[in-house]
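# Survey of secondary and tertiary structure
So the chains spell out like this:
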Amino acid sequence: MHTFDCRTILEHSTRAIVLVVWLLNSWGCAFIRGNVGDEINEVSVANLKKGTTTRGEVAAMFGAPDEILHAAGREVFHYRHFDGKLGYVLIISRLNVKSDNLYVLFTPEGMVHDVVYGKRTDNLAFQVWPFGE
Amino acid sequence: MTMFMNLIAGTALLFALSGCEFRKVAINDLISPQQIEFIEVGKTTSSEVVAQLGAPDEMAGAGVDLVFRYQYAVTKMLRVDFGRILQIWMPVAPAMILSRGETGFDAFQVVFDPRGIVREHAFTKHTRSRRFNFWPF
């Protein structure tokens, strides 16, 4: 009886594996990654000194900004980097997108007034389950 | 006979499922009310907000005040191709697709006074009501 149970389990397992392989082969799976913009160099961010670093030096370090804002009477350079990871299996898929942002606020004299930097892409995960949060 | 019927039903179910697609697109992480409990109007600084929540997705000015906006977006899409079921009997099946996508945006906005202290903050929530639904009519 025990032998029969083991054989039954083995048969069911084999069928399940064959079915999964067939499903994957029929409809497939994919893991795709995409980036927009260059990664923001954290060492360069640490080198930005308030009241010392000039607008020209910021542009030399990071290149031209993706966007120039004017907020609360200050000029702001905005740098962005997007990372996206798509997981697709059979009939379900999920695309997660996150961004790193660097804002450099300048004084009217063109010196760095403040730096706001955040990195979200380092905890971006491949996921396929689309349900729930 | 029962096994044959099970095989037919299983195959039909697989083909029916093969015609479904559940897709979700999430941009950024959802900010919960618990995550912003540390913010006290008139006390918390912009540096403390950035340390906890990271850099905002958007920065803007409102008069002399500075506004940070954190955004979260989600799209849920369900697509059902009823034509896939016909592939059991027909070599070429027509596409009979019903599909719908729903997108919602959440935003958390913080306003700082010229000293960099939180003046006010607010949530906008539109993603909770998003759901998978293939009915386009």
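Reference entry: report on the structure contained in this document.

Rules and cut-offs
Residues numbered from 1 in each chain as written. Chains lettered and ligands numbered in written order. Predicted model: local features only at pLDDT ≥ 70, side-chain atom pairs only at ≥ 80, totals over all residues. Heavy atoms only, no water. Helix = DSSP H or I, 4+ residues; strand = E, 2+ residues; numbered from the N terminus. Rg over C-alpha atoms; globule rule 2.2 N^0.38 Å. Buried < 20%, exposed > 50% of the residue type's maximum accessible area, 1.4 Å probe, protein only. Contact = heavy atoms within 4.5 Å. Core = buried A, V, L, I, M, F, W, Y, C linked by side-chain atoms within 4.5 Å. Phe/Tyr/Trp six-rings, centres within 6.5 Å; stacked < 30°, edge-to-face > 60°. Lys NZ or Arg CZ within 6 Å of the ring centre and 35° of its normal. Polar contact = N/O pair within 3.5 Å; in protein donor to acceptor, adjacent residues only side chain to side chain. Patch = residues over 30% accessible without salt bridge, like charges linked within 9 Å, V, L, I, M, F, W, Y side chains within 5 Å. Areas by Shrake-Rupley, 256 points an atom, 1.4 Å probe, with all protein chains shown as cover. Salt bridge = Lys/Arg side-chain N within 4 Å of Asp/Glu carboxyl O. Buried area = accessible area lost by both parts, 1.4 Å probe. Nonpolar A, V, L, I, M, F, W, Y, C, P; charged D, E, K, R; others polar. Pairing = 2+ DSSP bridges.

### What about the overall build of chain A?
A tally of regular secondary structure across chain A gives three helices and five strands. Listing every helix and strand of chain A by position from the N terminus yields α-β-α-α-β-β-β-β. Its C-alpha atoms give chain A a radius of gyration of 25 Å, clearly above 14 Å, the size a compact globule of 133 residues would have. Considered along the principal axes of its C-alpha atoms, chain A spans approximately 85 × 25 × 25 Å. Within the span of chain A, comprising 133 residues, buried residues form 35% of the whole. Summarising the internal contacts of chain A: among those between residues at least 6 apart in sequence, 58% fall at separations of at least 24.

### Considering the overall build of chain B
A count of helical and extended segments in chain B gives three helices and five strands. For chain B, the N- to C-terminal ordering of α and β elements is α-β-α-β-β-α-β-β. Since a compact globule built from 137 residues should have a radius of gyration of about 14 Å, the 24 Å found for chain B marks it as more spread out than a globular shape. Reported as C-alpha extents along the three principal axes, the dimensions of chain B are approximately 80 × 30 × 20 Å.

### Re the nonpolar core
Y103 and V116 of chain A together with M59, F68, Y70 and F108 of chain B are the most contacted members of the largest nonpolar core, which has 21 residues in total. Mapped onto this core, the elements with two or more residues apiece are strand 2 (67–71) and strand 4 (92–106) of chain A together with helix 2 (46–53), strand 3 (65–81) and strand 4 (97–112) of chain B. When sequence neighbours within four positions are dropped, the list of residues in contact with V116 of chain A reads N101, L102, Y103 and L105 of chain A together with V50, A55, P56, M59 and F68 of chain B. Residues V58, Y79, L102 and F106 of chain A belong to the second largest nonpolar core, which totals twelve residues.

### As for the packing of aromatic side chains
To describe a pair of aromatic rings, you give the distance between the ring centres and the angle between the ring planes. Considering all chains together, one arrives at 13 aromatic pairs over all chains under this definition. Between F77 of chain A and F106 of chain A, the ring centres sit 4.8 Å apart and the planes meet at 70°, which makes this aromatic pair edge-to-face. Placement of the pair is F77 of chain A in strand 3 (residues 74–89) and F106 of chain A in strand 4, with a sequence separation of 29 residues. Just as F77 of chain A is buried, F106 of chain A falls in that class too. The rings of W129 and F131 of chain A together with F22 and F132 of chain B are connected pair by pair, giving a single aromatic cluster. Stacked on the ring of F106 of chain A, the Lys or Arg R55 of chain A has its end atom at 5.8 Å from the ring centre.

### Thoughts on the side chain of S99 of chain A
Checked against the element boundaries, S99 of chain A lands in strand 4. Residue S99 of chain A is classed as buried on the basis of its relative accessible area, which comes to 4%. Side-chain polar atoms of S99 of chain A contact the side chain of R120 of chain A, separated by 3.4 Å. Setting aside chain neighbours within four positions, we find S99 of chain A in contact with H81, F82, R120 and T121 of chain A together with N28 and D57 of chain B.

### Considerations on the environment of L69 of chain A
For L69 of chain A, the location among the structural elements is in strand 2. Setting aside residues up to four positions removed in sequence, L69 of chain A forms contacts with R74, E75, V76, H78 and Y103 of chain A together with M59 of chain B.

### So, a nonpolar patch on the surface
Residues and elements named next belong to chain B. On the surface, F4, M5 and I8 cluster together into a nonpolar patch covering about 300 Å² of accessible area. Relative to the helices and strands, F4 resides in helix 1 (residues 2–18). For F4, a relative accessible area of 48% corresponds to the partly exposed category.

### Here we look at the interface of chain B and chain A
With 32 residues of chain B in contact, the opposing surface of chain A contributes 30 residues. Carbon and sulfur atoms supply 58% of the area buried between chain B and chain A, which totals about 2500 Å² over both sides. For the pair chain B and chain A, the interface holds two salt bridges. One salt bridge in this structure joins R120 of chain A and D57 of chain B, with 2.7 Å as the shortest N-O distance. At the boundary of chain B with chain A, the tally comes to 14 residue pairs in polar contact (both at pLDDT 80 or more). Contributions of two or more residues to the side of chain B that touches chain A are made by helix 1, strand 1 (20–27), strand 2 (58–62) and strand 3 of chain B. Looking at which element gives the most residues to the side of chain B that touches chain A, the answer is strand 1 of chain B, with eight residues. Tallied by class, residues from the side of chain B that touches chain A come to 19 nonpolar, four polar and nine charged. Where strand 4 of chain A meets strand 1 of chain B, six bridges bridge the pair, whose relative direction is parallel. Directly across from I92 of chain A, in strand 1 of chain B, lies its bridge partner F22 of chain B.

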